[in-house]
Amino acid sequence: MGTGRGGRGENGAVPLPAPLQELTDPRLTRHHLRLLLKRDDLIHPDLIGNKWRKLVPNLDATAGRPILTFGGAYSNHLRATATAGRLLGLPTVGVVRGQELADRPLNPSLAHCTANGMRLHFVDRSTYRRKTDPAVLAAIRKEADADDAYVVPEGGSNALAVRGCRALGEELRGHADVVTVACGTGGTLAGLAAGLAPDQHALGIPVLKGGFLDAEIRALQDLAFGGPRGSWTLDHRFHFGGYARTTPELHAFADDFEARHDVPVERLYVAKMLYGLVALAEEGAFARGTTVAAVITGRPFP
């Protein structure tokens, strides 16, 4: 599965680096800030955004084996993995958090997974929390009839994925002073920060509650690079209640952004990042003359 670097890749992939789009938004220009969008949502028509960057190195490592991975009922990562499996002809198994979901109709996200050939295996929430324990993982693999599968962690964030996301930072060298990105498991930020130049800073906007990502990102960089890389910080204020949670205020912001700039805004990640960026600009968090690049990691799901 080529990344399309240097030309249009297979399955409709666009050339990398992904496009940079400059926007004029008065909420930033009145603070003398310049805004660029890094359109990773345009990388591939089916396998979009940071999921492309994180999954491609893992897919190359499967050696044709089935893929087993994890996610919640609305997981972007599960959808992306199912799509990748269909594109490559690889069997995929999705371990879904919540045994109670097994007897309910599939939501659109999980229906997309099964339509793309993913076999779903539901586990109770207690077991899911302990999925990284070797004994628990072995039991899950056995129950899912996936003993021989290549395991990709929840969110796709492992050392291979983090190294894959380093290219995102390298593509942005020389283009921005600050790069903002939404964070789920932290893998994209860990790689992004590593790829940026020393005078650039990565700002992550976590979409989950809990304040645990700082340690997770440091651990991912240790795994991928042997130690910390790049300059990065997190702002935990813009999760809007937690993962997959939204509010009328967030939807109104996203609707307005789409109307202003004709850019589709995915609600669970991208909208929270853009909202945080605008709020930080209003707070005076960026020095006059700063160029900010916002990574658009995905598109709205139908």
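Residues numbered from 1 in each chain as written. Predicted model: local features only at pLDDT ≥ 70, side-chain atom pairs only at ≥ 80, totals over all residues. Heavy atoms only, no water.

(A) Representation of helix H6 (residues 134-143). Buried within H6 are the following residues: Val136, Leu137, Ile140 and Arg141. Buried positions in H6, seen along its axis, are confined to an arc of 135 degrees and lie on one side of it. Turned more than 90 degrees from where H6 packs its buried face, Pro134, Ala135, Lys142 and Glu143 sit exposed. Buried positions along H6 lie against strand E3 (67-71), strand E4 (92-97), strand E5 (118-123), helix H5 (125-129) and strand E6 (150-151). In this structure Asp133 caps H6, since a side-chain oxygen of it lies 3.0 Å from the backbone nitrogen of Ala135. (Buried < 20%, exposed > 50% of the residue type's maximum accessible area, 1.4 Å probe, protein only. Helix = DSSP H or I, 4+ residues; strand = E, 2+ residues; numbered from the N terminus. Arc of directions from axis to C-beta. Contact = heavy atoms within 4.5 Å. Polar contact = N/O pair within 3.5 Å; in protein donor to acceptor, adjacent residues only side chain to side chain.)

(B) Local environment of the pattern of salt bridges. Applying the stated criterion to the full structure yields 17 salt bridges. Here Asp25 makes a salt bridge to Arg260, at a shortest N to O gap of 4.0 Å. Of this pair, Asp25 sits in the loop between strand E1 (20-23) and helix H1 (26-29) while Arg260 sits in helix H10 (residues 248-261), and the two are 235 residues apart along the sequence. According to the relative accessible area criterion, Asp25 is buried, its value standing at 1%. Given a relative accessible area of 41%, Arg260 falls into the partly exposed group. Arg39 is the partner of Asp41 in a salt bridge, and the nearest nitrogen-oxygen pair spans 2.9 Å. On the basis of relative accessible area, Asp41 is assigned to the buried category, the value being 0%. (Salt bridge = Lys/Arg side-chain N within 4 Å of Asp/Glu carboxyl O.)

(C) Layout of the pairing of E3. Counting buried residues along E3, 5 of its 5 residues qualify, which places the element largely inside the surrounding structure. As judged from the 5 bridges shared by E3 and E4, these two strands associate in the parallel manner. Across the sheet, the residue bridging to Thr69 is Gly94, located in E4. A crossover links E3 with its parallel partner E4, the connecting element being helix H3 (residues 76-88), and its sense is right-handed. Across 2 bridges, the pairing between E3 and E6 is parallel. In the sheet register, Ile67 faces E6, and the bridge partner there is Tyr150. (Pairing = 2+ DSSP bridges. Right-handed = clockwise from strand over helix to strand, strands pointing away.)

(D) Region of the structure containing the packing of aromatic side chains. Overall, the coordinates contain 6 aromatic pairs when judged by the stated rule. Here Tyr243 and Tyr269 contribute two aromatic rings whose centre-to-centre distance is 5.8 Å and whose plane-to-plane angle is 65 degrees, an arrangement assigned as edge-to-face. Of this pair, Tyr243 sits in the loop between strand E9 (232-234) and H10 while Tyr269 sits in the loop between H10 and helix H11 (270-283), and the two are 26 residues apart along the sequence. Judged by its relative accessible area of 14%, Tyr269 falls in the buried class. Note on Phe253 and Tyr275: the rings are 5.3 Å apart at their centroids and 70 degrees apart in plane angle, and the pair reads as edge-to-face. With Phe253 in helix H10 and Tyr275 in helix H11, this pair connects stretches of sequence that are 22 residues apart. The two residues Phe253 and Tyr275 agree in class, both being buried. Put simply, the rings of Phe238, Phe240, Phe253, Phe257 and Tyr275 touch in pairs and so form one group of aromatic residues. Cation over ring: Arg79 sits above Phe301, and NZ or CZ is 3.9 Å from the ring centre. Over the ring of Tyr128 we find Arg97, and its NZ or CZ is 5.3 Å from the ring centre. (Phe/Tyr/Trp six-rings, centres within 6.5 Å; stacked < 30°, edge-to-face > 60°. Lys NZ or Arg CZ within 6 Å of the ring centre and 35° of its normal.)

(E) Representation of the environment of Asp147 within the structure. Within the fold, Asp147 resides in the loop between H6 and E6. In this structure, the C-alpha to C-alpha distance between Asp147 and Glu100, residues 47 residues apart in sequence, is 24 Å.

(F) Looking closely at the sheet that holds E6. With parallel pairing, the 4 strands of this open sheet are ordered in space as E5-E4-E3-E6. At either margin of the open sheet sits one strand with a lone partner, and together these are E5 and E6. Each of E4 and E5 touches helix H4 (residues 108-115); the most contacted strand, E5, lies at about 135 degrees to it. Running over the sheet, H6 touches E3, E4, E5 and E6 and is turned about 115 degrees from E3. (Axes fitted to C-alpha atoms, helices over the stretch in contact; angles between N-to-C directions.)

Geometric descriptors of this kind do not, in isolation, establish any biological role.
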